[in-house]
Amino acid sequence: MMTRARPYLLTRSVVPENQESPIWFLHRLRFVPERYVFRRNHFPYPLRLPDRLTVRGLVSFPLSLSLAELKAMPAKTITAVLECAGNQRAKFSPPPFGEQWEGGALSQGAWTGVPLREVLARAGVRPGAAEVVFVGADEGLRPDMDGVFSYVRSLPLAKALHPDTMIAYAYNGAPLSLQRGYPLRLIVPGWYGMASVKWLAHIIVTDHPFTGPFQSIDYMYYPHPDRDDGKRPVTTIRVNSLIQFPLDRSIHRRGPLKVEGIAWTGRGVITRVEVSLDGGRTWREAKVSRDDHEPYAWVHWQWEWNADRPGDYEILVRATDSAGRTQPPHPLWNRKGYGYHAISRVRVQIT
Ligand SMILES: Nc1nc2c(c(=O)[nH]1)N[C@H]1C(S)=C(S)[C@@H](COP(=O)(O)O)O[C@H]1N2
Ligand SMILES: [Mo]
């Protein structure tokens with residue numbers, strides 16, 4: 001009999017369910033299978049799933065659409081990274097409170113759905129519209145406020161009308177699972193995961209800024225530990241990378257070692273990935289494989305290291321994107337621990 005081990009999700013909490021992807025073991029994978037996608041929830045799973053999607057507010061023709069009606073509209077498929085804004089929070093110093101994600105609040109796959117702007121065009125957005133609000137069907141309590149809340153967020157009108165912002169009903173060619181947001185979820189390629197509202201029930205076009213707690217309290221960068229000034233909203237995914245091999249603190253026999261991983265960004269595409277073995281004084285270019293047809297996908301990179309001298313080493317990796325952004329040497333600390341994208345590091349021992 002042949003026994004084959006496989007990776008598992010890494011549990012951070014059970015209710016609500018928060019689990020990391022075993023991302024370090026998904027080498028050269030473009031479509032992360034459903035069972036390996038991270039799960040990030042603020043509330044327990046909804047008890048009642050929406051059977052129709054309503055579109056109302058500042059529109060000429062309010063809509064109520066079934067899944068079948070949406071599926072009958074022209075579809076689009078986009079391969080996109082989904083990264084939680086809190087990914088790598090555990091690496092900040094001091095670590096902010098919240099889910100202590102290491103690096104696995106990150107996944108990628110093919111989303112199929114209808115561009116949101118097609119649906120908004122049908123509804124007829126009226127003059128004066130400024131934002132589009134998305135209401136999820138999940139609800140529950142917040143530790144910091146009284147009352148019952150739903151997961152609600154908005155997008156500025158321009159981002160809502162971007163041709164790649166979509167209402168998705170399939171992941172990797174299969175209907176969304178309950179955990180992924182069945183029957184419908186928003187997908188906002190290039191933005192951190194909080195924007196991609198699951199179990200989408202209502203879309204409301206408004207003329208004023210939305211200020212719900214998942215937008216005004218959470219998912220804001222607070223630069224100071226004890227004051228709120230300087231806060232600004234979390235939006236675009238920062239340029240980032242992950243070293244998948246070798247693993248941090250792993251031990252290897254001397255000889256050739258293939259250092260590899262992924263790199264991604266929410267703006268433009270990855271143009272360069274570099275590796276340093278001397279603390280960032282000198283950098284060598286890694287080989288990057290990029291698919292120009294998939295601007296929202298991560299790239300795979302690799303670098304052959306001739307590790308012929310025993311010792312303890314630190315491998316540094318930094319990615320650069322076409323917007324000219326590079327991973328900084330030090331994390332940009334913020335009180336809620338969002339957007340960690342400092343240079344990636346692993347320590348290894350060569351024997
Ligand atoms: N309705 C709803 N949508 C949601 C959330 C949620 O708690 N409820 N979490 C958001 C956050 S913070 C992230 S990172 C992604 C995670 O998506 P996933 O669970 O499919 O990986 O969903 C987003 N959409
Ligand atoms: Mo998130």
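Small disclaimer: the values here were computed from a predicted structure and weren't measured. (Residues numbered from 1 in each chain as written. Chains lettered and ligands numbered in written order. Predicted model: local features only at pLDDT ≥ 70, side-chain atom pairs only at ≥ 80, totals over all residues. Heavy atoms only, no water.)

**Remarks on the overall build of the chain**
Okay, so step 1: Along the chain, the regular secondary structure elements total four helices and 23 strands.
Okay, so step 2: Taken over the C-alpha trace, the chain has a radius of gyration of 21 Å; the compact-globule value for 351 residues is 20 Å, and the two agree within 12%.
Okay, so step 3: Judged by the C-alpha coordinates and their principal axes, the chain covers about 70 × 55 × 40 Å.
Okay, so step 4: Buried residues in the chain amount to 53% of all 351 residues.
Okay, so step 5: The contacts in the chain between residues at least 6 apart in sequence include a share of 72% that link residues at least 24 apart.
Okay, so step 6: Carbon and sulfur atoms form 54% of the exposed surface of the chain, whose accessible area is close to 16200 Å².
Okay, so step 7: Between the averaged position of the 45 positive side-chain charges in the chain and that of its 33 negative side-chain charges there is a distance of 3 Å. (Helix = DSSP H or I, 4+ residues; strand = E, 2+ residues; numbered from the N terminus. Rg over C-alpha atoms; globule rule 2.2 N^0.38 Å. Buried < 20%, exposed > 50% of the residue type's maximum accessible area, 1.4 Å probe, protein only. Contact = heavy atoms within 4.5 Å. Areas by Shrake-Rupley, 256 points an atom, 1.4 Å probe, with all protein chains shown as cover. Lys, Arg positive; Asp, Glu negative; His and termini not counted. Charge placed at Lys NZ, Arg CZ, Asp CG, Glu CD.)

**Some words on the pairing of strand β15 (residues 240–245)**
Okay, so step 1: Counting buried positions along β15 yields five of six residues, so the element is predominantly enclosed.
Okay, so step 2: Summarising the sheet, β15 and strand β17 (residues 255–264) pair through five bridges and their orientation is antiparallel. Bridge assignment links Leu 242 to a residue of β17, and that residue is Ile 262. (Pairing = 2+ DSSP bridges.)

**Some words on the confidence of the model for the chain**
Okay, so step 1: Per-residue confidence for the chain gives a mean pLDDT of 97; residues scoring 70 or more make up 100%.
Okay, so step 2: The weakest mean pLDDT in the chain belongs to strand β20 (residues 287–289) at 97; the strongest belongs to strand β11 (residues 185–187) at 99. (pLDDT = per-residue confidence, 0-100.)

**Here's the deal with the UniProt feature "domain: Moybdenum cofactor oxidoreductase dimerisation" (unreviewed entry) in the chain**
Okay, so step 1: If you check UniProt for "domain: Moybdenum cofactor oxidoreductase dimerisation" (unreviewed entry), the listed places come out as residues 235–349 in our numbering.
Okay, so step 2: Secondary structure content for residues 235–349 is 0% helix and 50% strand, while the C-alpha to C-alpha distance between its ends is 38 Å. (UniProt positions renumbered as here; feature names shortened; annotations may be inferred.)

**Looking at the site of ligand 1**
Okay, so step 1: The immediate surroundings of ligand 1 are formed by 18 residues, with Phe 38, His 42, Asp 138, Arg 185 and Lys 198 found nearest.
Okay, so step 2: In the model, an oxygen atom of ligand 1 is placed 3.1 Å from a nitrogen or oxygen of the Arg 40 main chain.
Okay, so step 3: A distance of 2.9 Å separates a nitrogen atom of ligand 1 from a polar backbone atom of Ser 196.
Okay, so step 4: Contact with the protein chains hides 100% of the accessible area of ligand 1, taken as 540 Å² for the molecule alone.
Okay, so step 5: Residues of the shell around ligand 1, tallied by class, amount to eight nonpolar, four polar and six charged. (Near = heavy atom within 4 Å. Polar contact = N/O pair within 3.5 Å; in protein donor to acceptor, adjacent residues only side chain to side chain. Nonpolar A, V, L, I, M, F, W, Y, C, P; charged D, E, K, R; others polar.)

**As for the sheet that holds strand β21 (residues 299–307)**
Okay, so step 1: Pairing is antiparallel in the open sheet, where four strands are placed in the order β15-β17-β21-β20. Strands at the two margins of the open sheet, each flanked by one partner only, are β15 and β20. Ignoring which end each strand starts from, the neighbouring axes of this sheet average 25° apart. (Axes fitted to C-alpha atoms, helices over the stretch in contact; angles between N-to-C directions.)

**Details of the domain arrangement of the chain**
When the parts of a complex come together, some accessible area is lost, and that lost area is often used as the size of the interface.
Okay, so step 1: When its domains are assigned, the chain resolves into domain 1 (12–218) and domain 2 (240–350).
Okay, so step 2: For domain 1 versus domain 2, the separation of C-alpha centres amounts to 28 Å.
Okay, so step 3: With 35 residues of domain 1 at the contact, the number on the domain 2 side is 28 residues.
Okay, so step 4: Looking only at domain 1, the three residues that lose the most surface to domain 2 are Trp 24, Arg 28 and Phe 92, adding up to 22% of its buried area.
Okay, so step 5: There are three salt bridges connecting domain 1 and domain 2.
Okay, so step 6: Between Lys 336 and Asp 218 there is a salt bridge whose closest N-O contact spans 2.9 Å.
Okay, so step 7: Between the two partners, domain 1 and domain 2, sit 15 residue pairs in polar contact (both at pLDDT 80 or more). (Domains from an automatic or database assignment. Buried area = accessible area lost by both parts, 1.4 Å probe. Salt bridge = Lys/Arg side-chain N within 4 Å of Asp/Glu carboxyl O.)

**Overview of the sheet that holds strand β16 (residues 250–252)**
Okay, so step 1: In spatial order, the strands read β16-β23-β22-β18-β19; together these five strands make up an open sheet with mixed pairing. At either margin of the open sheet sits one strand with a lone partner, and together these are β16 and β19 (284–285).
Okay, so step 2: Where β16 and strand β23 (residues 344–350) come together, three bridges link them in parallel fashion. Paired with Ser 250 across the strands is Val 348, a residue of β23.

**Re the pairing of strand β9 (residues 166–171)**
Okay, so step 1: Of all the six residues making up β9, six are buried; the element is thus mostly covered by neighbouring parts of the structure.
Okay, so step 2: The pairing of strand β6 (residues 106–115) with β9 spans five bridges and is antiparallel. The residue of β9 that forms the bridge with Gly 113 is Ala 168.
Okay, so step 3: Across three bridges, β9 lies against β11 in antiparallel orientation. Bridge pairing in β11 places Met 166 opposite Ile 187.
Okay, so step 4: Sheet topology note: the β9/strand β10 (residues 174–175) ladder contains two bridges and is antiparallel.

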